[in-house]
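Structural description and commentary
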Amino acid sequence: MHTVTLKLVTIIAEPVLEERLTRALHALGARGWTITACRGEGSRGMRVGEVPGDGIRIESVVSAPVADRILELAAREYFPHYAVIAWLTDVHVVRGDKYV
Amino acid sequence: MHTVTLKLVTIIAEPVLEERLTRALHALGARGWTITACRGEGSRGMRVGEVPGDGIRIESVVSAPVADRILELAAREYFPHYAVIAWLTDVHVVRGDKYV
Amino acid sequence: MHTVTLKLVTIIAEPVLEERLTRALHALGARGWTITACRGEGSRGMRVGEVPGDGIRIESVVSAPVADRILELAAREYFPHYAVIAWLTDVHVVRGDKYV
């Protein structure tokens, strides 16, 4: 099966940020996303147990340049102020043109 | 720790497809799967906002040939008709023989 | 965007193991984790359909040595006794120092 390598962006954030984050994803070039409810404990720079609570997990398959722009935005506007974490994973899809 | 590289297949689909998809996964060689409830917006070929709604996220760790067969099936029978997306990720497991 | 490659550990387990597993993650060096409710069918060494039921999906972004210790623990203490599966994925993060 012929596949194309793209980036899966995963963002874990407080539910209150959902609309703002998905608007940003759209503006930066994401064609869609999936949201899953989750719970988290600990995170960037905090001690485990300090910030437990409900969260959302946002996932979006995007091109490498779009992934880069999303991480840049997260680092600049979210990491300093919110308990947001984000990571990229290489994923392989068929019909890669649908995601970009 | 000695690990073996396998493929994680992730499929996002409408909940109505769950039984049909998991039967297909089994028939194609998957030994098990995990299902998580999610919500999605946008997707393959659709504009963001066009098809919001509940979804399921099906994940299964399988061998590369099984992953290939699952993607082929998805591309042939699901992508043309349903708001299904699927991707493969390389994952590392211990006791890889349990998954194949 | 400058990124650092770390390991995402994903563990699927019975909900009853949550506290024990997250305590172990913490003790082995994880700085935080995310928990998502899921359902599973089949798994390590079992036939599909044999052990359906509710589960939890625990995810944690950690350094490679911590990931290795977590897999070793899982293989030694959990795989022989519980329907636990676990896998590692390479992920790319900004500000990698926050996770280690």
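Each chain has its residues counted from 1, following the order in which its sequence is written. To read the labels, note that chains go from A and ligands from 1, taken in the order they are written. The model is predicted, so local features are restricted to residues of pLDDT at least 70 and side-chain atom pairs to those at 80 or more, both for listing and for counting; the totals for chains, interfaces and linings are taken over all residues. Note that water and hydrogens are dropped before the side-chain values are worked out from all heavy atoms of the structure.

Structural notes on the overall build of chain A
- The numbering of helices and of strands both runs from the N terminus, where a helix is a DSSP run of H or I of at least 4 residues and a strand a run of E of at least 2. Looking only at helices and strands, chain A features two helices and four strands.
- Taken from N to C terminus, the helices and strands of chain A fall in the order β-α-β-β-α-β.
- For a compact globule of 100 residues, the expected C-alpha radius of gyration is about 13 Å, and chain A comes in at 14 Å, within 12% of that figure.
- Principal-axis analysis of the C-alpha atoms places the extent of chain A at approximately 45 × 25 × 20 Å.
- Within the span of chain A, comprising 100 residues, buried residues form 55% of the whole. Taken over C-alpha atoms, the radius of gyration is set against a globule rule of 2.2 Å times the number of residues to the power 0.38. Working definition: with a 1.4 Å probe on protein chains only, accessible area under 20% of the residue-type maximum means buried, over 50% means exposed, and in between means partly exposed.

Some points on the relation of the copies chain C and chain A
- Least squares is the method for superposing the copies, and the C-alpha atoms it fits come from residues with pLDDT of at least 70 in both. Expressed as a screw operation, the relation of chain C to chain A combines 0.0 Å of axial shift with a rotation of 120 degrees, fitting to an RMSD of 0.0 Å. Seen this way, the second copy is the image of the first under a three-fold rotation axis.
- Little of the interface of chain C is mirrored in chain A: 17% of its interface residues are interface residues there too. When checking whether two residues touch, look at their non-hydrogen atoms; a contact exists if any pair is within 4.5 Å.

A few points about empty space enclosed by the protein
- Of the two site types, the cavity is a set of points on a 1 Å grid over the protein atoms alone where a 1.4 Å probe fits but cannot get out, and the pocket is an open set with protein on both sides within 12 Å along at least five of seven lines, each lined by residues with an atom within 4 Å of a point. Grid points are joined across faces, edges and corners, and a volume is the space filled by probe spheres set on the points. All chains considered together, the criterion is met by three cavities of 30 Å³ or more.
- The computed volume of the largest cavity comes to approximately 120 Å³.
- Forming the boundary of the largest cavity are 18 residues, of which Leu8 of chain A, Leu8 and Arg57 of chain B together with Leu8 and Arg57 of chain C lie nearest the centre.
- Among the residues forming the lining of the largest cavity, the class breakdown is six nonpolar, six polar and six charged. Under this grouping Gly is polar, as are all residues other than the nonpolar Ala, Val, Leu, Ile, Met, Phe, Trp, Tyr, Cys and Pro and the charged Asp, Glu, Lys and Arg.

Examining the side chain of Ser63 of chain A
- Within the secondary structure layout, Ser63 of chain A lies in the loop between β3 (53-62) and α2 (64-78).
- Residues in contact with Ser63 of chain A, not counting those within four places in the same chain, are Leu6, Lys7 and Val100 of chain A.

With respect to the interface of chain C and chain A
- Contacts between the two partners involve 24 residues from chain C and, on the opposite side, 25 residues from chain A.
- When the area that chain C buries against chain A is broken down by residue, the three leading residues are Met1, Arg31 and His92 of chain C, summing to 27%.
- Any carboxyl oxygen of Asp or Glu within 4 Å of a side-chain nitrogen of Lys or Arg constitutes a salt bridge here. On the surface where chain C and chain A come into contact, there are two salt bridges.
- Across the pair Arg39 of chain A and Glu18 of chain C runs a salt bridge whose closest N-O atoms are separated by 2.9 Å. Buried area, as used here, totals the accessible surface that two parts lose on assembly, with accessibility defined by a 1.4 Å probe and the loss added over both.

Focus: the interface of chain B and chain A
- Contacts between the two partners involve 25 residues from chain B and, on the opposite side, 24 residues from chain A.
- Between chain B and chain A, a total of about 2100 Å² is buried, with carbon and sulfur atoms accounting for 53% of that surface.
- Our count for the contact surface shared by chain B and chain A stands at two salt bridges.
- Across the pair Glu59 of chain A and Arg57 of chain B runs a salt bridge, and its minimum N-O distance is 2.2 Å.
- As used in this structure description, the phrase polar contact means that two N or O atoms lie within 3.5 Å; if the pair is within protein, one of them must be able to donate a hydrogen and the other to accept it, and residues adjacent in sequence are counted only when both atoms belong to side chains. Linking chain B to chain A there are six residue pairs in polar contact (both at pLDDT 80 or more).
- Those elements that provide at least two residues to the side of chain B that touches chain A are β2 (32-42), α2 (64-78) and β4 (85-93) of chain B.

A look at the confidence of the model for chain A
All names here are of chain A.
- Each residue carries a pLDDT value, the predictor's own confidence for that position, ranging from 0 to 100. Mean pLDDT over chain A works out to 87, with 90% of the residues at or above the 70 mark.
- Confidence drops under pLDDT 50 across residues 44-51; counting only partners more than four residues distant or on other chains, this segment forms 25 contacts.
- Both scores are available for the predicted complex, with the pTM at 0.91 and the ipTM at 0.88.

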